[in-house]
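A look at the structure
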Amino acid sequence: MKTIYKSILYSWLFISFTGCSKYLEEKSQDEVRPASVAELQQLMMGEVYPAGSIKSSFHAYLDLMTDDMVSNFKTSTMGPTIYRQYEGPYTWRAEMFEMMESALTPDAIDTYAHYYKRIKGCNVVLDMIDQVKGDENERENVRGQALAMRSYYYFMLMNLFAQPYNTPGIDRESAPGVELILDAVVKDEYPKRASMQRVYDQISADLLKALPLIRQHASGNSKFRVTTGFVYTLLSRLSLYQEKWEEAAEYAKQGLAINSALLRLASVPYPAVWKDPATNVYSINSPEAIWLGYGSGSEYSNMARFDYDILFFTISPELRSKYDFTRTNTNNRGDLRMRYYYYWDYSDYDWTIYVPMIGKKLGGTTSSNVVKGMRVAELYLNRAEANIMLYLKNGDEALRSSALSDLNFLRSNRYDTRNVAYTPVDFSGQALLDFYRDERRRELSFEDHRWFDLRRYGMPEIRHKFQSSANQAPVEYVLQKNDKRYTLPIPRSALIKNPSLEPNP
Amino acid sequence: MKHLVVFRSLLLAAGVLFMLSLKAQDTEKPVSLNLKNAKLSEALNAVRKNSQINLFYSVDDVNRFPPVTINVTNRPLSEVLNKLLEGTDMKFSVEKNTIIIKRRPAAENPPSKNIDTTVNVKGVVLNAKGVPLGGASVVDMVSGRSAVTDLSGRYAMVTSRRTTLKITFVGMKPQTVNVRAEGNAYTQNITMEEAPNEMNQVVVTGYQTIRKSEMVGSANTVKREDMFYDGTNTVEQMLQGKLPGTVVMNQTGMVGTRPRVRVRGTSTLLSNQEPVWVVDGIIQTDPVPFNAQSLNDVGSSTDMMRNLIGNSISWLNPNDIEDITVLKDAAATVLYGVKAANGVIVIKTKRGKPGGRMAVNYSGGFAVTEQLNYDRLNLMNSKERIDVSREVYEKRLFGATITTAVGYENVLDRYLNKQISYDQFNQEVKYLETVNTDWMKLLYRTPFSHNHSVSISGGTDRISYYSSLSTSQNFGTARGNDTRNMMGTLRLDAKISDKLTAGMQLNAGMIRTRGFYAVDPFRYAQETSRAIPAFDEAGNPKFYEVPGYNGIPLRFNVLNELAETGNQNDQRNFNATLSVNYNILNGLRFESLLGLGSVNANAEAWASEYSQHISYIREYEVGQFGVGSKPYMESKLPHGGEYNSIESRNTTYNIRNSLNWNKLIGLHRIGALAGQEIRSTATRGFTSNQFGYFPDRGRNITNPPLTILQYGSVISNPLYSRIKNTITDRDANFLSWYGNLTYSYDERYVVTGSLRSDASNRFGQDKKHRFLPIWAGGVRWNVHNEPWMKAQKVVSELNLRASYGWQGNVAENFGPDLIAQLPSSVVNPTTGEYELLIKSLGYADLRWEKTKTMNLGLDLGIASNRFIMSIEYYRKKTDDLIVYREIPVSYGIDQMPINGGKLDNEGIELSMSGTIIRSQDLVWNISFNTSRNRNRINSAIVRSEDWRNAASGRLNKEGYGVSSFWVFDFAGLNPKDGSPLIVLPTKGQEQWLAGEKDATAYMKYAGRLEPDFTGGFSSALRYKAFTLTASFNMQLGGKKLLYQMFTGFDLPSAYANMPKEFAGRWKKPGDEKITNIPSIPSRIWNPVNNQTDPIMLLIPPYPGYEYAYEMYNYSTARVVDAGFFRCNDISLTWNVPEQLLRHMHIRNLSISGAVRNPFIIVSKDFKGMDPEVATGSQPVPRVYSMQFNVSF
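Residues numbered from 1 in each chain as written. Chains lettered and ligands numbered in written order. Predicted model: local features only at pLDDT ≥ 70, side-chain atom pairs only at ≥ 80, totals over all residues. Heavy atoms only, no water.

Turning to the overall build of chain A, a few remarks are in order. Counting its regular elements, chain A contains 17 helices and 11 strands. For chain A, with 505 residues in total, the buried portion stands at 61%. When contacts within chain A are restricted to residue pairs at least 6 apart in sequence, long-range pairs at least 24 apart make up 74% of them. (Helix = DSSP H or I, 4+ residues; strand = E, 2+ residues; numbered from the N terminus. Buried < 20%, exposed > 50% of the residue type's maximum accessible area, 1.4 Å probe, protein only. Contact = heavy atoms within 4.5 Å.)

Quoted interface sizes are often the accessible area lost when the parts come together. In this complex, chain B contributes 77 residues to the contact, which on the side of chain A involves 74 residues. Counting across the interface, chain B meets chain A through three salt bridges. Notably, a salt bridge pairs A:Arg225 with B:Glu833, separated by 2.6 Å at the nearest N-O pair. Put simply, chain B and chain A have 12 residue pairs in polar contact (both at pLDDT 80 or more) between them. Its residues placed into classes, the side of chain B that touches chain A shows 34 nonpolar, 23 polar and 20 charged. (Salt bridge = Lys/Arg side-chain N within 4 Å of Asp/Glu carboxyl O. Polar contact = N/O pair within 3.5 Å; in protein donor to acceptor, adjacent residues only side chain to side chain. Nonpolar A, V, L, I, M, F, W, Y, C, P; charged D, E, K, R; others polar.)

The next point concerns the sheet that holds strand E2 (residues 55-56) of chain B. All names here are of chain B. If you walk across this open sheet you meet the three strands as E2-E5-E4, and the pairing is mixed. Every other strand in the sheet has two partners, leaving E2 and strand E4 (90-95) as the edge strands with one partner each. Those strands touched by helix H4 (residues 77-85) are E2, E4 and strand E5 (98-103), and its axis lies near 150 degrees from that of E4. (Pairing = 2+ DSSP bridges. Axes fitted to C-alpha atoms, helices over the stretch in contact; angles between N-to-C directions.)

Low pLDDT means the predicted atomic positions in that stretch should not be read closely. Residues with a pLDDT of 70 or more make up 90% of chain A, whose mean pLDDT is 87. The least confident element of chain A is helix H1 (residues 2-17) of chain A, whose mean pLDDT is 59; the most confident is helix H9 (residues 228-241) of chain A, at 96. (pLDDT = per-residue confidence, 0-100.)

Let us look at the packing of helix H7 (residues 136-161) of chain A against H9(A). All names here are of chain A. In the contact formed by H7 and H9, the axes pass within 11 Å of each other and the chain directions differ by 30 degrees. Relative to H9, the element H7 lies roughly parallel. Seen from above, H7 lies across H9 with left-handed handedness. Where H7 abuts H9, its residues Ala148, Met149, Ser151, Tyr152, Phe155, Met156 and Asn159 lie against Phe230, Val231, Leu234, Arg237, Leu238 and Tyr241. In the contact of H7 with H9, the residues fall into 10 nonpolar, two polar and one charged. (Parallel < 35°, antiparallel > 145°, perpendicular 65-115°, else oblique. Left-handed = near helix turned anticlockwise from the far one by under 90°.)

Before going further, it helps to spend a moment on the pattern of salt bridges. Any two side chains of opposite charge can pair if their charged atoms end up close together. All names here are of chain A. Under the counting rule described, the total for this entry stands at 91 salt bridges over all chains. Across the pair Lys372 and Asp448 runs a salt bridge whose closest N-O atoms are separated by 3.1 Å. Placement of Lys372 in strand E9 (residues 372-375) and of Asp448 in the loop between helix H15 (429-444) and helix H16 (450-456) is noted, with a sequence separation of 76 residues between them. On the accessibility criterion, Lys372 (1% relative accessible area) is buried. One network of salt bridges, with partners in common, ties together Glu288, Asp335, Arg337, Lys361, Arg375, Arg411, Arg414, Glu439, Arg442, Glu443 and Glu447.

With that settled, consider the packing of aromatic side chains. All names here are of chain B. All told, the structure shown has 63 aromatic pairs over all chains when counted by the stated rule. Look at Tyr524 and Phe556: their rings are 5.7 Å apart centre to centre, the planes differ by 40 degrees, and that puts the pair in the tilted class. Placement of the pair is Tyr524 in helix H13 (residues 521-527) and Phe556 in strand E29 (residues 553-556), with a sequence separation of 32 residues. Exposure remark for Tyr524: the relative accessible area of 10% places this residue in the buried category. (Phe/Tyr/Trp six-rings, centres within 6.5 Å; stacked < 30°, edge-to-face > 60°.)

Here we come to the pairing of E29(B). Residues and elements named next belong to chain B. On E29, burial follows the alternation: Leu554 and Phe556 on one face are buried, whereas Pro553 and Arg555 on the facing-out side are not. Two strands pair when backbone bridges link them, and strand E28 (residues 544-547) and E29 are joined in this way by four bridges, in the antiparallel orientation. By the bridge assignment for E29, Val546 is matched with Leu554.

This brings us to unusual backbone geometry. All names here are of chain B. With phi around 75 degrees, Glu619 is a residue other than glycine that occupies positive phi space. Tracing the sequence through the fold places Glu619 in the loop between helix H15 (612-618) and helix H16 (630-634). Overall, the relative accessible area of 21% leaves Glu619 in the partly exposed class. The backbone phi angle of Asp746 is positive, close to 55 degrees, even though this residue is not glycine. The topology assignment puts Asp746 in the loop between strand E37 (724-745) and strand E38 (749-760).

The next subject is H4(B). For an α-helix, 3.6 residues make a turn, and residues three or four places apart therefore share a direction. All names here are of chain B. Residues Leu77, Ser78, Val80, Leu81, Leu84 and Leu85 constitute the buried set of H4. One face of H4 carries all of its buried residues, which in axial projection span an arc of 160 degrees. Turning to H4, the residues buried within the fold contact strand E1 (30-38), helix H2 (40-51), E2, strand E3 (68-76), E4 and E5. Positive backbone phi, at 85 degrees, marks Gly87, one or two positions downstream of H4. (Arc of directions from axis to C-beta.)

Let us now look at the environment of B:Leu664. Residue and element names in this part refer to chain B. Within the secondary structure layout, Leu664 lies in strand E32 (residues 641-665). The exposure class of Leu664 is exposed, given its relative accessible area of 54%. For the pair Leu664 and Glu591, spaced 73 residues apart in sequence, the C-alpha separation works out to 20 Å.

What follows is about the packing of helix H8 (residues 196-217) of chain A against H9(A). Residues and elements named next belong to chain A. Contact geometry for H8 and H9: axes closest at 9 Å, N-to-C directions at 155 degrees. In terms of axis orientation, H8 runs roughly antiparallel to H9. Crossing handedness for the pair H8 and H9: left-handed. Here Tyr200, Ile203, Ser204, Leu207, Leu208, Leu211, Ile214 and Arg215 of H8 lie close against H9, whose contacting residues are Thr228, Val231, Tyr232, Leu234, Leu235 and Leu238. Taken together, the residues that form the contact of H8 with H9 break down as 11 nonpolar, two polar and one charged.

Consecutive side chains along a regular strand alternate between the two faces of the sheet. Residues and elements named next belong to chain B. Sheet topology note: the strand E45 (residues 895-918)/strand E46 (residues 922-937) ladder contains 15 bridges and is antiparallel. Residue pairing for E46: Arg918 is matched across the bridge by Val923. Pairing of E46 with strand E51 (residues 1013-1023) involves 11 bridges; the strand directions are antiparallel. When the bridges of E51 are listed, Val923 appears paired with Arg1022.

Let's shift gears to the sheet that holds strand E20 (residues 282-283) of chain B. Residue and element names in this part refer to chain B. Strands sit in the order E16-E21-E22-E19-E20 across an open sheet of five strands; the sheet is mixed. Since the sheet does not close on itself, it has two edges, and those belong to strand E16 (219-223) and E20, each with one partner. Pairing geometry for strand E19 (residues 276-279) and E20, over two bridges, is antiparallel. Within E20, the residue paired with Val278 across the bridge is Ile283.

With that settled, consider a nonpolar patch on the surface. Residue and element names in this part refer to chain B. Taken together, the side chains of Leu1021, Phe1026, Leu1028, Leu1132, Trp1134 and Leu1140 present a nonpolar region at the surface, about 510 Å² in accessible area. Contributions of two or more residues to the nonpolar patch are made by strand E52 (1026-1036) and strand E59 (1124-1135). Here Leu1140 lies in helix H20 (residues 1138-1141). (Patch = residues over 30% accessible without salt bridge, like charges linked within 9 Å, V, L, I, M, F, W, Y side chains within 5 Å. Areas by Shrake-Rupley, 256 points an atom, 1.4 Å probe, with all protein chains shown as cover.)

All names here are of chain B. Look at H2: 16 Å from first C-alpha to last across 12 residues, which is about the 16 Å you get at 1.5 Å a residue. Inspection of H2 places Leu40, Ser41, Ala43, Leu44, Val47 and Ser51 among the buried residues, and these make up the whole buried set. End-on, the buried residues of H2 take up no more than an arc of 160 degrees, which puts them together on one face. Residues of H2 that are buried sit in contact with E1, E2, helix H3 (59-62), E3, H4 and E5. Just past H2, the residue Gln52 takes up positive phi, approximately 60 degrees. (Expected span 1.5 Å × (residues − 1).)

Here is the structure:
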């Protein structure tokens, strides 16, 4: 009996005082406490970069607000739903977000929250980056990516929810920008909107801080991450928007020095009926893709729910007329972008009219599944614009020819040059600027550039006709020149949660 | 028995014969002896040991005489023997070297006084019903000799002629009888009286066995005999209404599903609210891990599978249960740690009785479940339904007609298109008015269920055993819903030595439950128009068209759908327990418990390609389009069906060691317990959703095509995103220490305190707070033991109890560090990189959640506890409850956890029981319990802008209880069109602005979904061999919304049936004065935009239009009192009298007939429907049963 008792006692003591640490070692099937630079990089991929995530779009309605899209009326069972879903942005309503929400508009309507969710990812990574272990080179790479991405998101937010940088007579020191959250700690206070100047200063400072880090440590980054090209493109875009022409041209030049290749559309076989081109400008193997950023190929497809009929919303005839394209001339179709940048389908039951429906810059077989981001073409255009603006100011012919050469080089890669050589264009004065702006519109359509460009071109008047039911006369909505509504309303859902948040007028 | 005694005597004799031979002078060998009240055989044995001389005697012969007391030192052997045998009819002699003790020849026996002093007392001990009691102990108060009754209740012993016997038996009042014998034999039969309150002299908590007089916490016990079991009900249902403070709510009347159990209200908002189930000291684990997200996920296929898969105690055979105890307050549950906040239900199973005869018991029976019928469903018949459609046409109401495929709409459509003549039209409408398809009859049945259970138990004084084997087949009233199970158990208890005892238990069981997938027969029968025929003229199932994806019609017939879909759940259990109990010293005991449990659960749900469920995905009828056609190429699933499965393997082990010390010093009793426990659960599982399943082609799964055509482009098949395989691999380890200290003085004053601390391997916890302490303490005053209470005879028990407990909890998943999570697809298919997502940011400032529980109790027993009553009051306050606070969007997260919540639970419980009538032939026992719980949230928790949240009971609002809900304020009918009117604020009003954030600002508080007042009542009336029992259960104070009157804003679909009361709807202006039932929902002409619009009302926030008819569904007009009074069961039992059974070698036979759920009293608004089950679920059916119980 004694031995039994002893052995029980010993085993009890053994169980009680040994093996504890292993037994109580935290264990989880799918949870991790990020402790290395590699894990922070994975957090960047999951939380910061939108490519490939379930929510990869930020604002799949922005082009509805531009002159690139029109609404058509047709009777259909889906019609009332679709019209209700997109009426808000299309007619520039102050309550556009609430209208979309109550109409259950699919995806990408929580723009404001979505940007800040991604910014939180950057902030988390920046907060933790110095406390984790890992390779120093990798650490600086991750830090650079987080800084650059945060700048990018603030830049986008400013363009959406703050007044244009170049608004005549604006005092940027007092005009409201957006809420500037720079760390991941939630404080028991309601943040206020920082001034425009403050936010733009932060964007520039962070980008300039990121630039050397990325240049030095990020040589192996894929097109889905921040690269040197990304930082130069963003700097060039930022300078352009701020009308700092020399800088814009310089940064574009730096970016082009890294990669100046463009996809020659004529070299991609002309796609058959219903097919997408095998490769396109946002395909993963596209030579001109700098950053395969966000958005998805199905962004505007909801507006084209039913085949073989005219669409509820489609690209505007005005935009279509800008392309010098002849589908039937198989020898020289002209500007191939019309066929390669848009999704085409029959638009009636007769199967005779074959028209572009929505913008889509994805290749068919080598798809990356993102349709917006940064491309080399933009660098050519940015540099051309900067040079044209300077030329218009000081009349320097060298700048004009440089701009024309950028434009012609871009166009020569877009035209059907299989059998016929590209014919260069030549403009001067205001005509050059007008031509340039049309070229930018043609090239960068449906990549969220048009709305921002219209803002900085002086917020011109736009008219949208809209009809949602057979018995209702079409109404023409007008966005006046310099209209306040060129700045998006802060969504009510954000205002309710933050009493200190100042609404946009 | 007799043979055994003789055998024993011979054995002893033989042993003695082998001893050394004896010399004559040895009879004078000095012997010392000091014995008190020893049996004569023991005394002689002591002499043998002392003297080293062999004695030969018959144990039975010498033990006929009273025990002896002797104290001699160094006296000659002969003298000692003479002294011992003095007064007996025995003498000793030396024969062949052995001292032989035998009876004197009759002549030698002097007519001595000794004969006067002894008598053979025998008799039978019976209980009040006349049933013999085996194992009762009979003690001679004078000599201290004792006997134990055999299984037929007989005892025999030798006593002096004038003595007092004390008879004791567990659960009976001890009795004393005086022996006044004259002759040699004396018969004393004893009838024991039951002592109701002393039935539970101990309370088994699973960790401790607490003497009832020292119990400070709140616990209630119900015995198996007091619970009704007919083979079709679950353990939870057996408990309904039996225990105060324990609410059992049936969710549906299907078999194989588990009801919800709540102990003392809801005390947590974000985690599991079910109590902990404990069987014989082992905490039971759910076969499928708890998933907080699926809490509100009612109606999904996984939910259905989860419900049918069974819970942690499905493996238990109800016939093996001895009793069930619910532990409610902090003092009672403290040793279970944090997880016991929802209460603990402790089940004790039967075990063999030591020293008992082997008993074989069979119980079994059959049950017939009543078929559901339209009487209890309050639905329109064909004629009434056709009337609605006719009114739509005759009034030319605007709106979309969903279908013209069936019903009046179909006939009208053909008439208007001139396909049939007016006569044909009238003829067909007439036919439809009389179709009256009885969906209930087609989908439901009157099933016959049966159950059998055999148990064998018994034991010797060293070892006892109990084993049982049971099987049952239980058929639900819905065709296709059934459950079968088979269970076995074996329990052994061994007394290895005086100090060491051990127990072993093995359980194994398998359960198979079949249910439904993709089609719910009850919902179908309830919602479908009776004007739709189920069969065509030829008697084949008649298919009709229902809208498919993109509106393309698809053929549907419910019988086909049921045949082509299925849901089957299998569960296999194995449990083993070993317990060891070692008495180290007097009063110090070491206990060890080892438990191992394994559950294997597998659930599968499928649909074949012939079902409409799959046609919907395929987008055309099976076989309609072939290879090469456009629909075939566009179809996501051109062949095969769907197959979903959940597989879960669960292994739990439990090691518990404790030291228990008890000491009685004078009037002071001290008890101490210290223990340590390890509990580990490993869950491995696999969940899979597959498409391309062919149940009839070798159960093959053929993958759907990789690419399909869409809008002309070839895209990857989107169905693949729904094909998902998930592996579950979780280990939950716990390490705990616990202790308890109890001090009581003179059985009058008791003070006790307990402590427990847990640590676990949960991920992401705050290391600082790893060991969670919990403590509780209490005091008790046994007033009835006070000297000044001894004089009176009325109050037999009176005690006051008070306890207080403190419990800290750190909410799961919120540590000071950031926690990242692997997404469901770890590799991003676009970027090809590994990803991590943020699960929760680090929250360094979170404090413990603190729950303080107070319990006050009073127990009163009157007239030797013939009537007993207890009252308890409790208050549970949770402070610093971790809740979510909404924060500005710019922080990038929607909400963050803060210590902001406060939740109060307060309640009172009363239970009473007593024997109203007690006579030889007639005994009437009743018991009654009731409890009231008030639950209140004392801080704003999550604000919600959504009125649907407010109407669903999920909104938590300060000052209101959990499950409170709000509805629209119905203001009558619009005199113009009979549409419902609702009281609503106008835009810009203060109420409107408040309503933008919180819908409750403009809605009306309707009450709580959960009842706050519950009660149970049981009665048992015995007249001679017949016993009539009945039990009732009521739940009051809950409110519910009636079933939805309108499914949309448009004209009613021809498929849908409507509530019968809709026949009394608004039909013409003026009707609004006599009815509250709105008109047929339709659209109204809007001259402004020249179109028809559904009737909508403006609600905040912008642009909150809501359909008026939808709002009516959630309006004050539809709120009803969900209180009910249900008769759970009535049964009549006949205990076949013993004299009829004796010749068949049957000890006991009882036959009972019962009806479960015979009636229910509810608010008349329910029109006979069952308010207990969730709206839209199958009501609890009525079950008639016969049960037999035979023991041999």
